Amino acid sequence: MIIAPSLLAANFGRFAKETARVAESGAEWLHLDIMDGHFVPNSSFGPHLVGTIRPISKIFFDVHLMCSKPEILLEPFAQAGADQINIHVELGDHVTPLLWKIRSLGKKAGLAINPPTSINMVQPYLDKIDSLLIMTVNPGFGGQEFIHETLPKIQQAYAWRRELKLNYRIGVDGGINFKTAAECAHAGADAFIAGTSIFKAHSLRAAVTKMRKIVCGNKPSEK
Ligand code: DX5
Ligand code: ZN
């Protein structure tokens, strides 16, 4: 089980300190939300910021590109120190070459899917990815309400993984708190991206530990 605090919910005036706080919290990944003001109606930060915080810790950097033209960003983020790069399945014909490019840069490849997009859209790529990122809110902003209608997608991704004997991670991103994390874990998720719920906690370390305990206690019953 992976707990991945999202830096989008951190104090933007203290990126270095917030990164160190996540690294010391016991979280496995740091999730980095990259928004281009086009694919989503917001912008966040870019490869320069990621490269600046990279020396602070060896924690796994999970980069989520909510961008219309990720092809121009793959090399910059690879050089900045990303460990995994997620692109969106909504990019259609571009998905296969993008996944191939991420792998050729020596990085893990992730595929993200928005709430309105059918889970069937990711099926052709399942044997080409390290991680499937199921968006549980419409991307663009932190602090949104979890969309419960996404739960069957997690169950389907979990069923396919067993049937096809694959081992991609199943991540969930958006509106993840202690309650919704339990529901997602029960449906088969094993990577939990959480911004607001983790950063608003008094102790980040305690929040990460509590979330891990909850998701470990709510794994799907089937073997
Ligand atoms: C949504 C982002 C998420 C977001 C999660 O656009 O991809 O990673 O930061 O934040 P919370 O946990 O606040 O919904
Ligand atoms: Zn994200």
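Before reading on, note that the structure itself is shown above.
Description of the structure in this document. (Residues numbered from 1 in each chain as written. Chains lettered and ligands numbered in written order. Predicted model: local features only at pLDDT ≥ 70, side-chain atom pairs only at ≥ 80, totals over all residues. Heavy atoms only, no water.)

Coordination of the zinc ion (ligand 2) by the protein is provided by His-31 (NE2), Asp-33 (OD), His-64 (ND1) and Asp-173 (OD), with metal-donor distances spanning 2.0 to 2.3 Å. Geometry at the zinc ion (ligand 2) is octahedral, judged from its six donor atoms and the angles of 65 to 167° they form at the metal. In primary-sequence terms, the residues that donate to the zinc ion (ligand 2) follow H-x1-D-x30-H-x108-D. With His-31 in strand S2 (residues 29-35) and Asp-173 in strand S7 (residues 169-173), this pair connects stretches of sequence that are 142 residues apart. The exposure classification of His-31 matches that of Asp-173, with both residues buried. (Donors = N, O, S within 2.8 Å, 3.2 Å for Na, K, Ca; no water. Tetrahedral: all angles 85-135°; square planar, octahedral: opposite > 155°, others 65-115°. Helix = DSSP H or I, 4+ residues; strand = E, 2+ residues; numbered from the N terminus. Buried < 20%, exposed > 50% of the residue type's maximum accessible area, 1.4 Å probe, protein only.)

The next thing to look at is the pattern of salt bridges. Taken as a whole and judged by the stated rule, the model has nine salt bridges. Residue Glu-75 pairs with Lys-101 through a salt bridge whose shortest N-O separation is 2.8 Å. On the criterion of sequence distance, the pair formed by Glu-75 in helix H3 (residues 74-80) and Lys-101 in helix H4 (residues 95-104) is long-range, its members being 26 residues apart. A residue is classified by how much of its surface remains accessible, and Lys-101, at 26% relative accessible area, is partly exposed. A salt bridge links Asp-190 to Arg-169; its shortest N-O distance comes to 3.4 Å. (Salt bridge = Lys/Arg side-chain N within 4 Å of Asp/Glu carboxyl O.)

This structure, assessed with the given rule, holds four aromatic pairs. Consider the rings of Phe-15 and Phe-45, whose centres lie 5.5 Å apart with planes at 70°: the pair is edge-to-face. With a gap of 30 residues between them, Phe-15 in helix H1 (residues 15-23) and Phe-45 in the loop between S2 and helix H2 (47-53) connect regions that are remote in the sequence. Look at Phe-15 and you get buried, because its relative accessible area is 13%. According to the relative accessible area criterion, Phe-45 is buried, its value standing at 10%. (Phe/Tyr/Trp six-rings, centres within 6.5 Å; stacked < 30°, edge-to-face > 60°.)

The next point concerns the site of ligand 1. The environment of ligand 1 is made up of 20 residues, and the closest members are Asp-33, Gly-140, Gly-143, Asp-173 and Thr-196. Interatomic distance of 2.8 Å between a backbone N/O atom of Gly-140 and an oxygen atom of ligand 1. Asp-173 places a side-chain nitrogen or oxygen 2.5 Å from an oxygen atom of ligand 1. For ligand 1, the accessible surface in isolation is 380 Å², of which the surrounding protein chains cover 99%. For the shell around ligand 1, the element with the highest residue contribution is S2, accounting for three residues. Grouping the amino acids of the shell around ligand 1 by side-chain chemistry returns eight nonpolar, 10 polar and two charged. (Near = heavy atom within 4 Å. Polar contact = N/O pair within 3.5 Å; in protein donor to acceptor, adjacent residues only side chain to side chain. Areas by Shrake-Rupley, 256 points an atom, 1.4 Å probe, with all protein chains shown as cover. Nonpolar A, V, L, I, M, F, W, Y, C, P; charged D, E, K, R; others polar.)

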